[in-house]
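A structural walkthrough
Residue-level listing of the chains:
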Amino acid sequence: MLLNQHPLNDIELCAQEVKECIVDVEDFPIPGVTFKDLGPLWANSNLSKRAIDAMVQMVENDQGVPECVVGIESRGFIFGLAMAQHWQVPFVPFRKPGKLPGELKRVAYQLEYGTAELECQVNAIKPGMRVLIHDDVFATGGTARAAIQLADACGAEIMGCAFILSLDGLNGQEHWPIPVVEKSCLSLVHFI
Ligand code: AMP
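Let me begin by describing the structure that accompanies this report.

Analysis parameters
- Residues numbered from 1 in each chain as written.
- Predicted model: local features only at pLDDT ≥ 70, side-chain atom pairs only at ≥ 80, totals over all residues.
- Heavy atoms only, no water.
- Pairing = 2+ DSSP bridges.
- Helix = DSSP H or I, 4+ residues; strand = E, 2+ residues; numbered from the N terminus.
- Axes fitted to C-alpha atoms, helices over the stretch in contact; angles between N-to-C directions.
- Contact = heavy atoms within 4.5 Å.
- Near = heavy atom within 4 Å.
- Polar contact = N/O pair within 3.5 Å; in protein donor to acceptor, adjacent residues only side chain to side chain.
- Areas by Shrake-Rupley, 256 points an atom, 1.4 Å probe, with all protein chains shown as cover.
- Nonpolar A, V, L, I, M, F, W, Y, C, P; charged D, E, K, R; others polar.
- Salt bridge = Lys/Arg side-chain N within 4 Å of Asp/Glu carboxyl O.
- Buried < 20%, exposed > 50% of the residue type's maximum accessible area, 1.4 Å probe, protein only.
- Lys, Arg positive; Asp, Glu negative; His and termini not counted.
- Expected span 1.5 Å × (residues − 1).
- Arc of directions from axis to C-beta.

Strand pairing in a sheet relies on backbone hydrogen bonds, with the paired strands running either antiparallel or parallel. With respect to topology, five strands assemble into an open sheet ordered β4-β3-β7-β8-β9, the strand pairing being parallel. Every other strand in the sheet has two partners, leaving β4 (91-94) and β9 (185-191) as the edge strands with one partner each. For this sheet the average axis-to-axis angle between neighbouring strands, irrespective of direction, equals 20°. Sheet analysis places strand β7 (residues 130-138) next to strand β8 (residues 157-167), joined by eight bridges and oriented parallel. Considered in β8, the bridge of His134 is made with Ala162. Helix α1 (residues 10-21) rests against β8 and β9 of the sheet, and its axis sits at about 50° to β9.

In structure tokens, the structure reads:
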């Protein structure tokens, strides 16, 4: 072993395994997009459990324990609920329009083509709650940015965001609206 090499810690080892199991699907859902298929991770219960534990550890090391986890529809629900259960805090789904009953808050945001919306129930997040926002993939950052705006509109204290993977080559973080989040945007796995 060279002097400047160090053994990988548990989080790094897990991240390496997760990275190896993600499958690239070219031209899906539209030509020119390389879709990162996390299906093999969901299918591997042992690795996905270790990935959840690694993300919990990463968040605690960087930001401490949240009081609430927001998961963005739909793949943000998978690890989002698991992390919330680990910390024994509420899980709040941010959903696409038309899915939630009752009084709602809503934010509209731009996609590459057209617009989209996220909604949440008005009382789901208590003002001042320390909220962690979670989604599976951080690509251009538009979805996460909208989730931050919605959580902010609920009066949340946004402690940061945690993703399974980020596509760093898209430079999504350059466009964050809330400077503090720039420091607290974590991903288990990074792709260029
Ligand atoms: P964005 O708003 O561009 O950061 O996109 C994030 C959302 O789109 C997440 O909810 C992802 O599930 C999905 N997404 C975007 N790009 C990809 C990709 N290349 N592979 C898989 N999912 C993606």
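Turning to the site of the ligand, a few remarks are in order. Every one of the 13 residues lining the ligand counts as a neighbour, but Asp135, Asp136, Thr140, Gly141 and Thr143 are closest to it. A distance of 2.7 Å separates an oxygen atom of the ligand from a polar atom in the side chain of Asp135. Here an oxygen atom of the ligand and a side-chain polar atom of Thr143 are 2.5 Å apart. Protein chains bury 82% of the 490 Å² of accessible surface belonging to the ligand in isolation. When residues of the shell around the ligand are traced back to their parent elements, those giving at least two are β2 (34-37), β7 and α5 (142-153). Residues belonging to the shell around the ligand are distributed by class as follows: four nonpolar, five polar and four charged.

Per the counting criterion, the structure on display carries seven salt bridges. Of the charged contacts, one joins Glu119 and Arg106 as a salt bridge, the two residues approaching to 2.7 Å between their closest N and O atoms. One end of the pair, Glu119, is in strand β6 (residues 115-121); the other, Arg106, is in strand β5 (residues 104-110), and 13 residues separate them in sequence.

In this fold, Asp135 is placed in strand β7. Despite its burial, Asp135 pairs with no opposite charge, the nearest such side chain being Arg75 at 6.5 Å. Here the side chain of Asp135 touches Gly76 through a polar contact of 3.5 Å, landing on its backbone nitrogen. In contact with Asp135, not counting residues within four places along its chain, are Ile72, Arg75, Gly76, Thr143, Ala162, Phe163 and Ile164.

If you check helix α4 (residues 76-87), its first and last C-alpha atoms are 16 Å apart, about what twelve residues at 1.5 Å a residue would give, namely 16 Å. What α4 keeps buried is the set Gly76, Phe79, Gly80, Met83, Ala84 and Trp87. Viewed end-on, α4 has its buried residues packed into an arc of 140°, placing them on one side of the element. For α4, the secondary structure elements touched by its buried residues are α2 (39-43), α3 (45-63), β3 (68-72), β4, β7 and β8. Backbone geometry just downstream of α4 places Gln88 in the positive-phi region, at approximately 55°.

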